[in-house]
Amino acid sequence: MKKYESFPVSPVEKKRRRKRERQAALITSPYLLWMIIFTLIPMIFVVYYAFTDATGAFTINNVKGLLGLEKETQNVIQSGTFIRLDFVKIFWRSMWYGAVATVVCLLIAYPVAYFVSQMRENRQQIIITLVMLPMWMNFILRTYALMKMLEDTGIINTAFTKLGLPVIHMINTPFAVILGMVYNFLPYMVLPIYSVMSKMDYSLIEAAQDLGCNRMRVFTKVILPLSMGGVVSGITMVFVPSVSTFYISQKLGGGTNEMIGDVIERTFLTETNYNVGAAISLVLMILIFICMAVMNRFSEDESQGGSIIV
Amino acid sequence: MSETRNIIELKNIVVNYDGEPVLKGINLDIRDKEFVTLLGPSGCGKTTTLRIIGGFAEPDEGDIFFDGQRINDLPAYKRQVNTVFQRYALFPNLNVYDNIAFGLRINNVPKEEIPGRVSTALDFVDLAGYQKRKVHQLSGGQQQRVAIARAVINYPRVLLLDEPLGALDLKLRKEMQIELKKMQQQLNITFVYVTHDQEEALTMSDTVIVMDKGTIQQIGSPQDIYNEPKNAFVARFIGESNIVHGVMLADRLVSFMGREYECVDGGFEPNEPVDVVVRPEDIKIRQKNEGIMTGVVETVTFKGVHYEMIVNVSGVKWMIHSTKAAEVDAVIGMEITPEDIHIMKKSEYSEVKEVPFAENGGETEFEEV
Ligand SMILES: Nc1ncnc2c1ncn2[C@@H]1O[C@H](COP(=O)(O)OP(=O)(O)OP(=O)(O)O)[C@@H](O)[C@H]1O
Ligand SMILES: [Mg+2]
C-alpha cells in the first residue's frame, strides 16, 4: 500500500475529502451489507461455537484440545473417532502441502507469466485464455478426472504398461494431493503475476540496462521487485484454498493423507460437532492469517501494491 | 584533449518501423567533449537516433562507431553511455537516493564513495534533502531532475539527454540550461541533447543538428544554423524568417519581388531559382522613399523586447522586428543590407518551386516558433 507523507491539508480540501468519503460509503454500502450478513455474522458464530461446549457454556478446551495442550481430549471431543487424531500433525501436513503446492505453482507460473508478457499482444491473449480455460470447468469434475487418470489402472499407468514401463503408484499419495492442488490453483498464480508483468513499464528495463544491468541484473533489480505485488497476490490465492481444501485430499489422497479441511468437513457433517468444527476452523484461519501477515511483511518494502491483504 | 577526434560516428543509419522509414540514412560525427543537440519537430526521429546510440534500438542498415570501434552488436549495458530518458523511467519501488545510487551500485563503486556522490548529484539538480522521497511523491519537474542526477552520477563518456527539461517552467528551465552546460564543461564529457526548442538548442550547443522526417537537414554551429540556414525548413524552424522566391542572376546578384538586389552569396547556376531569406530583425524601418522596398504597415504587436510588424509590400507580407514601432497604415521604407539577404537552394520545403515572381507574386512565410 502506498504511504503518503502527511502534507498539510486545506479546509476546502478537507471538506472535499469528506464528501468523497461519504460518496464512497454510499457506493460500497451494498457490499458492506453483504459482508456483514455472509462474513461477519458467520464469523461471530464460528467464534461462539469454538468457545462453547455442547451445553452452550464457555470453554477453551476445544481449542486447547486441538493444539495438543489438553491431554484429556476425550472430554473435549465426545465422539470416539476423534480421540486418536493428532490435530497438530494434520495442521502441519495441511500447511506443508499447501506450501509445497504454492511453491510449485510459483515456480511454474512465474516464468510462464514472464515469457507470456514478452510476447506479441494477440499471442498473450490466446495463452492467457488457455491458462484460464480449466477454470471454466467445474472444480469437482476436474479433480475427479485427475483421480481417474492417476489410478493404478488409469490412463497414465495404462500407457506406461503399454510402453513396457512399470506401473507407478500415484493415487492416494502426497504427490497426488499436491499435484491436484497445483493443477487446480495454478491459474490463480499465473494471472496476478502476468497482470503485473504485462503492465510493467518497459522503459524501466531500458533504464536498468542503461545503468549497467545485464539480463540477469535487470531481472533481479527491476523485474523481480516490481512483480512482487503479483507474486504476493498469487501466493495468497493459491496457499489459502490449498491449505483448507478437502475435496482434493479426499479424492486424490485417499484416507491416508487427510488434511484439515477433511477433518472440518467430517466434524460438521458426520460428527455434527459444531463446537470442535468451529474451533478447528478458527485455528486454521488464524494460522493462515499469520502466514499471510508474515509474507506481506517480507514483501512490503519491495512490492508496489497489488497485494490482497493488509 | 584533441578536439577533432570523433567519439561517436553514425554511418548511413536506416531505421524502419512497420515498414515506415523513421531514419533515412543518418550520417553523423560527434566529436569528443562536444555539446551536440538534435533539434527537430515532434516525430522527426530524434529519440530514435538517441536510442541507436544508447543501444536500445538496432538500425536496419548502417553502422555505429564509438571511439572508432563498431558497436552495433554491443549491448546497451556495456556502452559507456548514460541516458536521461524522455519519460524519466525512474524506478517506482526505490526512493530518490536509491534511484540515483543505482548505477554506482551496479558498477561496484566502493560503498563509502556512494553517499557523497549522491548528495553532490542532488545538490546539482537542486533537490538536496529529497533522498527519502518516493518517486510518486515528486512533481514532474522534480522527477526529471532525479533522472538527470541518476545519469550524470556515473560519469559516462557520453550523456544522452532526451528533452530533459521538457517538464520544467521557463525560469527553472533557463537555470537548468546554464547548469547543464556548466556541468558538461566541468565533467568534460560529450552531451548529445535532444530538444524541439530552437532557442534552447542555440544557447547550449557547440553543434546543432537540425532534423526533419528522418533526415538531417543541416549540421553546424548555432551561428551557422541561424545565419546560414541551408533550406527553407531550417530557416523556418530556427527563429522567424521571411522567405520569398527569387532567381539568382549572377554571383552576388539576386532578383526577387520584381527587382534586382545585391547580396553576398554565390555559386549558383545562372538564373537558378532560389529561396531568399531575410530575418525580421535584419530589416530596418526607414522613411517612405528610403531603403530597398516600400510597404504599408498592417499590424503592430508588442512582443516585450521588440515590436512585431506585418508590412504589405505589393501584396507580399513581410515581418519586421524592431524596438521602434511604426504607425498602422503608415507607408514605410525598408532597408536590408546585402549581408542580410541570405540565398538558399530550392528544396522540398520551398513554397514556390519554379514559378517566377511576376506570375505568382511570391510567398512569404511567417513562422511562430
Ligand atoms: N517503437 C516504435 N514503433 C513504431 N513506430 C515508432 C516507434 N518508435 C518511434 N516510432 C515512430 O518513429 C517516428 C520517430 O519517432 P521518435 O520518437 O524518434 O520522434 P522524436 O523526434 O523523438 O519526437 P518527439 O519530439 O515527439 O519526442 C515517429 O513517427 C514515431 O511514430
Ligand atoms: Mg522523442
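Since the structure is predicted, the reported quantities are computational estimates derived from the model, not experimental observations. (Residues numbered from 1 in each chain as written. Chains lettered and ligands numbered in written order. Predicted model: local features only at pLDDT ≥ 70, side-chain atom pairs only at ≥ 80, totals over all residues. Heavy atoms only, no water.)

(A) Up close: the coordination of the magnesium ion (ligand 2). All names here are of chain B. Here the magnesium ion (ligand 2) is held by the protein donor atoms Thr 47 (OG1) and Gln 86 (OE1), which lie 1.8 to 2.4 Å from it. Here Thr 47 is found in helix H1 (residues 46-54), whereas its partner Gln 86 is found in the loop between strand S6 (81-84) and helix H2 (96-106), with 39 residues between them in sequence. Classification of Thr 47 as partly exposed rests on a relative accessible area of 27%. Since its relative accessible area comes to 32%, Gln 86 is described here as partly exposed. (Donors = N, O, S within 2.8 Å, 3.2 Å for Na, K, Ca; no water. Helix = DSSP H or I, 4+ residues; strand = E, 2+ residues; numbered from the N terminus. Buried < 20%, exposed > 50% of the residue type's maximum accessible area, 1.4 Å probe, protein only.)

(B) Region of interest: the site of ligand 1. All names here are of chain B. Near ligand 1 there are 13 residues, and of these Ser 42, Gly 43, Lys 46, Thr 47 and Thr 48 occur at the shortest range. One of the backbone N or O atoms of Gly 45 is found 3.0 Å from an oxygen atom in ligand 1. A distance of 2.7 Å is found between an oxygen atom of ligand 1 and a side-chain nitrogen or oxygen belonging to Lys 46. Alone, ligand 1 offers 640 Å² of accessible surface; in the complex the protein occludes 60% of this. Considering every element that reaches the shell around ligand 1, the biggest residue donor is H1, with 3 residues. Split into classes, the residues belonging to the shell around ligand 1 amount to 3 nonpolar, 7 polar and 3 charged. (Near = heavy atom within 4 Å. Polar contact = N/O pair within 3.5 Å; in protein donor to acceptor, adjacent residues only side chain to side chain. Areas by Shrake-Rupley, 256 points an atom, 1.4 Å probe, with all protein chains shown as cover. Nonpolar A, V, L, I, M, F, W, Y, C, P; charged D, E, K, R; others polar.)

(C) Molecular detail of the sheet that holds strand S5 (residues 69-70) of chain B. Residue and element names in this part refer to chain B. Read across the sheet, 4 strands follow the order S2-S1-S4-S5 without closing on themselves; strand pairing throughout is antiparallel. What marks the edges here is a single partner per strand, and that holds for strand S2 (20-31) and S5. Two strands pair when backbone bridges link them, and strand S1 (residues 6-17) and S2 are joined in this way by 9 bridges, in the antiparallel orientation. Residue pairing for S2: Leu 10 is matched across the bridge by Leu 28. Set on the sheet, H1 makes contact with S1, S2 and strand S4 (61-66); between it and S1 the angle comes to about 120 degrees. (Pairing = 2+ DSSP bridges. Contact = heavy atoms within 4.5 Å. Axes fitted to C-alpha atoms, helices over the stretch in contact; angles between N-to-C directions.)

(D) Quick look at the domain arrangement of chain A. Residue and element names in this part refer to chain A. Annotation of chain A at the domain level lists domain 1 (2-50) and domain 2 (85-309). Centre-to-centre, using C-alpha coordinates, domain 1 lies 30 Å away from domain 2. Taken together, the two surfaces of domain 1 and domain 2 that pack against each other cover about 580 Å², and 77% of this comes from carbon and sulfur. When residues of domain 1 are sorted by the area they lose upon contact with domain 2, Val 46, Tyr 49 and Ala 50 head the list and together hold 67% of the total. There are 0 salt bridges connecting domain 1 and domain 2. Taken together, the links from domain 1 to domain 2 amount to 1 residue pair in polar contact (both at pLDDT 80 or more). Split into classes, the residues belonging to the side of domain 1 that touches domain 2 amount to 5 nonpolar, no polar and 1 charged. (Domains from an automatic or database assignment. Buried area = accessible area lost by both parts, 1.4 Å probe. Salt bridge = Lys/Arg side-chain N within 4 Å of Asp/Glu carboxyl O.)

(E) Main features of the nonpolar core. Of all hydrophobic cores here, the largest spans 75 residues; its most connected members are A:Met181, A:Ile223, A:Leu252, A:Ile280, A:Leu284, B:Phe91 and B:Phe102. Excluding residues that lie within four positions of it along the chain, B:Phe91 makes contacts with A:Leu204, A:Ala207, A:Ala208, A:Leu211, A:Val222, B:Asn99, B:Phe102, B:Val135 and B:Arg150. (Core = buried A, V, L, I, M, F, W, Y, C linked by side-chain atoms within 4.5 Å.)

(F) Representation of the pattern of salt bridges. By the definition in use, this model includes 28 salt bridges over all chains. As a salt-bridge pair, B:Arg51 and A:Glu206 come within 2.8 Å of each other at their nearest N and O atoms. With B:Arg51 in helix H1 and A:Glu206 in helix H9 (residues 202-210), this pair bridges two chains. Beyond isolated ion pairs, a larger network of salt bridges with shared partners links B:Arg5, B:Asp32, B:Lys33, B:Asp67 and B:Arg157.

(G) Representation of a positive patch on the surface. Residues and elements named next belong to chain A. Together, Lys 14, Lys 15, Arg 18, Lys 19 and Arg 22 make up a region of like positive charge exposed at the surface. Secondary-structure assignment places Lys 14 in helix H1 (residues 11-50). Since its relative accessible area comes to 47%, Lys 14 is described here as partly exposed. (Patch = residues over 30% accessible without salt bridge, like charges linked within 9 Å, V, L, I, M, F, W, Y side chains within 5 Å. Lys, Arg positive; Asp, Glu negative; His and termini not counted. Charge placed at Lys NZ, Arg CZ, Asp CG, Glu CD.)

(H) A look at the environment of B:Asn6. Residues and elements named next belong to chain B. As for its position among the elements, Asn 6 is in strand S1. When the C-alpha atoms of Asn 6 and Asp 67 are compared, they prove to be 6.7 Å apart, with 61 residues separating the residues in sequence. Non-local contacts of Asn 6, meaning those with residues more than four positions away in its chain, are made with Asp 29, Ile 30, Arg 31 and Asp 67. Engagement of the side chain of Asn 6 in a polar contact is seen with the side chain of Glu 9, the distance being 3.2 Å.

(I) Highlighting the packing of helix H6 (residues 139-150) of chain A against helix H8 (residues 174-198) of chain A. All names here are of chain A. H8 packs onto H6 with a crossing angle of 140 degrees between their chain directions and a minimal axis gap of 11 Å. Considering their axes alone, H6 and H8 lie oblique with respect to each other. The crossing of H6 and H8 is right-handed. Along the contact surface, H6 presents Phe 139, Arg 142, Thr 143, Leu 146 and Leu 150, while H8 presents Ala 176, Leu 179, Gly 180, Tyr 183, Asn 184 and Phe 185. (Parallel < 35°, antiparallel > 145°, perpendicular 65-115°, else oblique. Left-handed = near helix turned anticlockwise from the far one by under 90°.)

(J) Structural context of the environment of B:Phe56. Note on placement: B:Phe56 falls in the loop between H1 and S4. On the basis of relative accessible area, B:Phe56 is assigned to the buried category, the value being 13%. Residues B:Phe56 and B:Lys230 lie 174 residues apart in sequence; the distance between their C-alpha atoms is 31 Å. Not counting the four nearest positions on each side in its chain, B:Phe56 is found in contact with A:Glu206, A:Gln209, A:Asp210, B:Arg51, B:Ala76, B:Thr83 and B:Phe85.

(K) Molecular detail of the packing of helix H12 (residues 260-269) of chain A against helix H13 (residues 274-299) of chain A. Residue and element names in this part refer to chain A. The contact between H12 and H13 brings their axes to 8 Å, and the two run at 155 degrees. In terms of orientation, H12 lies roughly antiparallel with respect to H13. The element H12 and its partner H13 pack so that their crossing is left-handed. The residues of H13 that touch H12, namely those facing Ile 260, Val 263, Ile 264, Thr 267 and Phe 268, are Tyr 274, Val 276, Gly 277, Ala 278, Ile 280, Ser 281 and Leu 284. For the contact of H12 with H13, the per-class residue count stands at 9 nonpolar, 3 polar and no charged.

(L) Spotlight on the confidence of the model for chain A. Residue and element names in this part refer to chain A. The pLDDT averaged across chain A works out to 85; a share of 88% of its residues lies at or above 70. Note that residues 72-76 has pLDDT below 50 and, in this model, 7 contacts with residues that lie over four places away or in other chains. Below a pLDDT of 50 lies the segment residues 303-310, which in the model reaches 20 contacts outside its immediate sequence neighbourhood of four places, other chains included. (pLDDT = per-residue confidence, 0-100.)

(M) Spatial organisation of the confidence of the model for chain B. In this model, chain B carries a mean pLDDT of 90, and residues with pLDDT of at least 70 account for 94%. Low pLDDT, under 50, characterises residues 353-369 of chain B; the predicted model gives this stretch 48 contacts beyond four residues in sequence or across chains.

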